[in-house]
Amino acid sequence: MQNHDGRRRRAGWLVPTGLITLSVVPVLAGAVRMNEIVSGAAITPANARFLTFPAPVTVHIVAVTLYTVLGAFQFAPRFRARRPGWHRAAGRLLVVAGLAAALSGLWMTLFSEVPPEDEGLLAGFRLLFGSAMAAALVLGLRAIRRRDVRRHRAWMARAYAIGLGAGTQALTQGLWLAFAGPSGEVTRALLLGGSWVLNLAVAEWVIRRRTGARRAPVSP
């Protein structure tokens, strides 16, 4: 029995561990960028848009890091069930961090000077998914205020899937570079947009699977 419980505990941490692992690359990239901002690094064409107006960049990096890392623990069922107070407190913080990440990302897309390859299709994807993330967080908050736990979890899972997009994007771009070489502007935009779609597809599969499991009839 103890071995069985131990296996269940370890299995319960597989998803959070995987989510944190997926977020490592964007979190490290954000840390490098933050170091440039804090240390007053020399301005170059590559970092000028980040260093000349660092406020939204700083908000975005801090918010995304907090949201992706702390949010992963919300997907540990036993941990969440044993610490309901922690779950609620962390959830409130995550809504704030998630909205800050989404809105700062939208601001940078609309008002920052971006390189030509980040305009057009990619900018459209960023506006679409950033808006969708903010909307999902608001709908998730609205659902829990109505005591609708099922819809709350579904909307929060969708929001987290979008927020974790940078991790999947690092993976898909790395695979493309390894097997197909450097990507063009349209291909890069499609890879980034497709990563958000992939994350949302996985989230929807999990949501529907959980909903189906709850509705399944119990054998006598």
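Here's a quick rundown of the structure. Position numbers for residues start from 1 in each chain and track the written sequence from start to end. Residue-level local features of this predicted model are given only where pLDDT is at least 70; pairs of side-chain atoms are given and counted only at 80 or more, and the full residue set underlies all totals for whole chains, interfaces and linings. The side-chain values count all of the structure's non-hydrogen atoms but skip hydrogen atoms and water molecules.

1. Structural notes on the pattern of salt bridges
Take a side-chain nitrogen of Lys or Arg and a carboxyl oxygen of Asp or Glu: if they are within 4 Å of each other, that pair is a salt bridge. By the definition in use, this model includes five salt bridges. Where Arg151 meets Asp148, a salt bridge forms, and the shortest distance between an N and an O atom there is 2.9 Å. Given a relative accessible area of 23%, Asp148 falls into the partly exposed group. Here Glu204 and Arg158 are joined by a salt bridge, their closest N and O atoms 2.4 Å apart. Taken together, the positions of Glu204 in helix H11 (residues 185-215) and Arg158 in helix H9 (residues 149-163) put the pair 46 residues apart, joining distant regions of the chain. Working definition: with a 1.4 Å probe on protein chains only, accessible area under 20% of the residue-type maximum means buried, over 50% means exposed, and in between means partly exposed. Look at Glu204 and you get partly exposed, because its relative accessible area is 23%. Look at Arg158 and you get buried, because its relative accessible area is 17%. Salt bridges sharing common partners tie together Asp118, Arg126 and Arg188. Starting at the N terminus, helices and strands are each numbered in turn, a helix being any DSSP run of H or I of at least four residues and a strand any DSSP run of E of at least two.

2. Some thoughts on the packing of aromatic side chains
Paired rings are identified among Phe, Tyr and Trp, the last through its six-membered ring, by centres lying within 6.5 Å, and are further divided according to the angle between planes into stacked (under 30 degrees), edge-to-face (over 60) and tilted (the rest). Under the definition given, this model contains eight aromatic pairs. Here Tyr67 and Tyr160 contribute two aromatic rings whose centre-to-centre distance is 5.7 Å and whose plane-to-plane angle is 40 degrees, an arrangement assigned as tilted. With Tyr67 in helix H5 (residues 54-72) and Tyr160 in helix H9, the pair connects residues that are 93 residues apart, well separated along the chain. Here the aromatic cluster, defined as three or more aromatic residues joined through ring pairs, consists of Trp13, Phe73 and Trp86. Against the face of Trp155 rests Arg158, its NZ or CZ located 4.5 Å from the ring centre. Working rule: Lys NZ or Arg CZ, within 6 Å of ring centre, within 35 degrees of ring normal, means a charge sits over the ring.

3. Examining a nonpolar patch on the surface
On the surface, Phe53, Trp107, Leu110 and Phe111 cluster together into a nonpolar patch covering about 430 Å² of accessible area. Considering the arrangement of structural elements, one finds Trp107 in helix H7 (residues 84-111). For patch detection, residues must exceed 30% relative accessible area and be free of salt bridges, and they are connected within 9 Å for like charges or within 5 Å for nonpolar side chains (Val, Leu, Ile, Met, Phe, Trp, Tyr). The protein chains shown are the only cover counted for residues, whose accessible areas, like all others here, come from Shrake-Rupley with a 1.4 Å probe.

4. A few points about the nonpolar core
Remark: nonpolar core denotes a set of buried residues (Ala, Val, Leu, Ile, Met, Phe, Trp, Tyr, Cys) joined through side-chain atoms within 4.5 Å. In terms of nonpolar packing, the biggest core is built from 29 residues, with Tyr67, Phe129, Met133, Leu137, Ala159, Tyr160 and Ile162 touching the most fellow members. Listing elements by their share of this core, those giving two or more residues are H5, H7, helix H8 (121-145), H9 and H11. A per-element tally of this core places H8 first, with seven residues. The contacts of Ala159, once residues within four sequence positions are left out, are Tyr67, Met133, Ala136 and Leu137. With seven residues, the next largest nonpolar core counts Ile37, Leu51, Ile61 and Met108 among its residues. Here a residue-residue contact requires only that any non-hydrogen atoms of the pair lie within 4.5 Å.

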